[in-house]
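The lines below spell out each chain.
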Amino acid sequence: MVRVIERAFDGLATLLAWLMIGLAVLATSVLVLRYGFGLSTTAVQDAVIYLNAGLVMLGLSVTLLANAHVRVDVLSDRWPTPLQALRDLLGVIFLVLPMLAVTAWHGWDYVARAWVMGEGSGDAGGLGGVYWFKSLILVGVALLFVAALVFAYRAFQVWRGEAQALPAQSHLS
């Protein structure tokens, strides 16, 4: 089951990489149109913002699962591998999962209100359907929950000596 989840996240990572290229093209287009031709469109600017937010919300889970997240750690890099795995396991249990619960709790009402209102852009000429993008908060939390469980499972295996080590960096990069 873990391998199936990992393959699904590999597919998500590939999709996000292509969307990142689309974001770069879109953002460049906004700049060229505005400063090269004096044209501006709020809808395209909104699309840049929402695409960026979506990439972040969906990319968090891929990053955690690939063990490519940022660590501010000066001590435990010197610890033995099983102790590092225990640190990761406890980090998921006591930090990541509670943070996800709080985010889901508060995000649910936030997203529900956006859907009830049929929320669109606050700017004239902006994109409609902002509620779709706000829904990515809950999708991102769900994906990060699954990724955190797999990450914790891997860390547990390493801690017990059933596996060598967590991936040092993403095989997706």
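Thresholds applied
Residues numbered from 1 in each chain as written. Predicted model: local features only at pLDDT ≥ 70, side-chain atom pairs only at ≥ 80, totals over all residues. Heavy atoms only, no water. Helix = DSSP H or I, 4+ residues; strand = E, 2+ residues; numbered from the N terminus. Buried < 20%, exposed > 50% of the residue type's maximum accessible area, 1.4 Å probe, protein only. Contact = heavy atoms within 4.5 Å. Lys, Arg positive; Asp, Glu negative; His and termini not counted. Charge placed at Lys NZ, Arg CZ, Asp CG, Glu CD. Salt bridge = Lys/Arg side-chain N within 4 Å of Asp/Glu carboxyl O. Expected span 1.5 Å × (residues − 1). Axes fitted to C-alpha atoms, helices over the stretch in contact; angles between N-to-C directions. Parallel < 35°, antiparallel > 145°, perpendicular 65-115°, else oblique. Left-handed = near helix turned anticlockwise from the far one by under 90°. Nonpolar A, V, L, I, M, F, W, Y, C, P; charged D, E, K, R; others polar. Patch = residues over 30% accessible without salt bridge, like charges linked within 9 Å, V, L, I, M, F, W, Y side chains within 5 Å. Areas by Shrake-Rupley, 256 points an atom, 1.4 Å probe, with all protein chains shown as cover. Phe/Tyr/Trp six-rings, centres within 6.5 Å; stacked < 30°, edge-to-face > 60°.

A. Fine view of the overall build of the protein. In terms of helices and strands, the protein carries four helices and zero strands. Reading the secondary structure of the protein in the N-to-C direction produces α-α-α-α. Projected onto its principal axes, the C-alpha positions of the protein cover 60 × 35 × 35 Å. Classification of the 173 residues of the protein by burial places 31% in the buried group. Counting contacts in the protein only where the partners sit at least 6 residues apart, residues at least 24 apart contribute 72% of the total. When the 10 positive and 10 negative side-chain charges of the protein are each reduced to one mean point, those points stand 5 Å apart.

B. Main features of the pattern of salt bridges. Evaluated as defined, the whole model comprises five salt bridges. With a closest N to O distance of 2.7 Å, Arg154 and Glu6 form a salt bridge. Placement of Arg154 in helix H4 (residues 130-159) and of Glu6 in helix H1 (residues 2-37) is noted, with a sequence separation of 148 residues between them. Exposure remark for Arg154: the relative accessible area of 12% places this residue in the buried category.

C. Here's a closer look at H1. In this model H1 runs 51 Å from its N-terminal to its C-terminal C-alpha over 36 residues, within 8% of the 52 Å that 1.5 Å per residue would give. Ile5, Glu6, Phe9, Leu12, Ala13, Leu16, Leu23 and Val30 are the residues of H1 that are buried. Elements in contact with the buried residues of H1: helix H2 (42-65) and H4. Directly after H1, the chain includes Gly38, whose backbone phi takes a positive value near 70°.

D. Quick look at the side chain of Glu6. Residue class for Glu6 comes out buried when judged on its relative accessible area of 13%. Those residues in contact with Glu6, other than ones at most four positions away along the chain, are Leu65, Val150 and Arg154.

E. Highlighting the packing of helix H3 (residues 81-117) against H4. Where H3 contacts H4, the two axes come as close as 9 Å, and the packing angle between them is 165°. What the angle tells us is that H3 and H4 run roughly antiparallel. Our pair here, H3 against H4, has a crossing hand that is left-handed. Looking at side-chain class alone, the contact of H3 with H4 contains 29 nonpolar, four polar and two charged residues.

F. Broad picture of a nonpolar patch on the surface. Taken together, the side chains of Val32, Leu33, Phe37 and Leu39 make up a nonpolar region of the molecular surface, amounting to roughly 380 Å² of accessible area. As for its placement among the helices and strands, Leu33 is situated in helix H1. Take Leu33: its relative accessible area is 32%, and that puts it in the partly exposed class.

G. Fine view of the packing of aromatic side chains. By the definition in use, this model includes five aromatic pairs. Here the aromatic rings of Tyr50 and Phe133 are separated by 4.8 Å at their centres, their planes lie at 25°, and the arrangement is stacked. Residue Tyr50 is found in helix H2, and its partner Phe133 is found in helix H4; the two are separated by 83 residues along the sequence. Members of the aromatic cluster, each reached through a chain of ring pairs, are Trp115, Tyr131 and Trp132.

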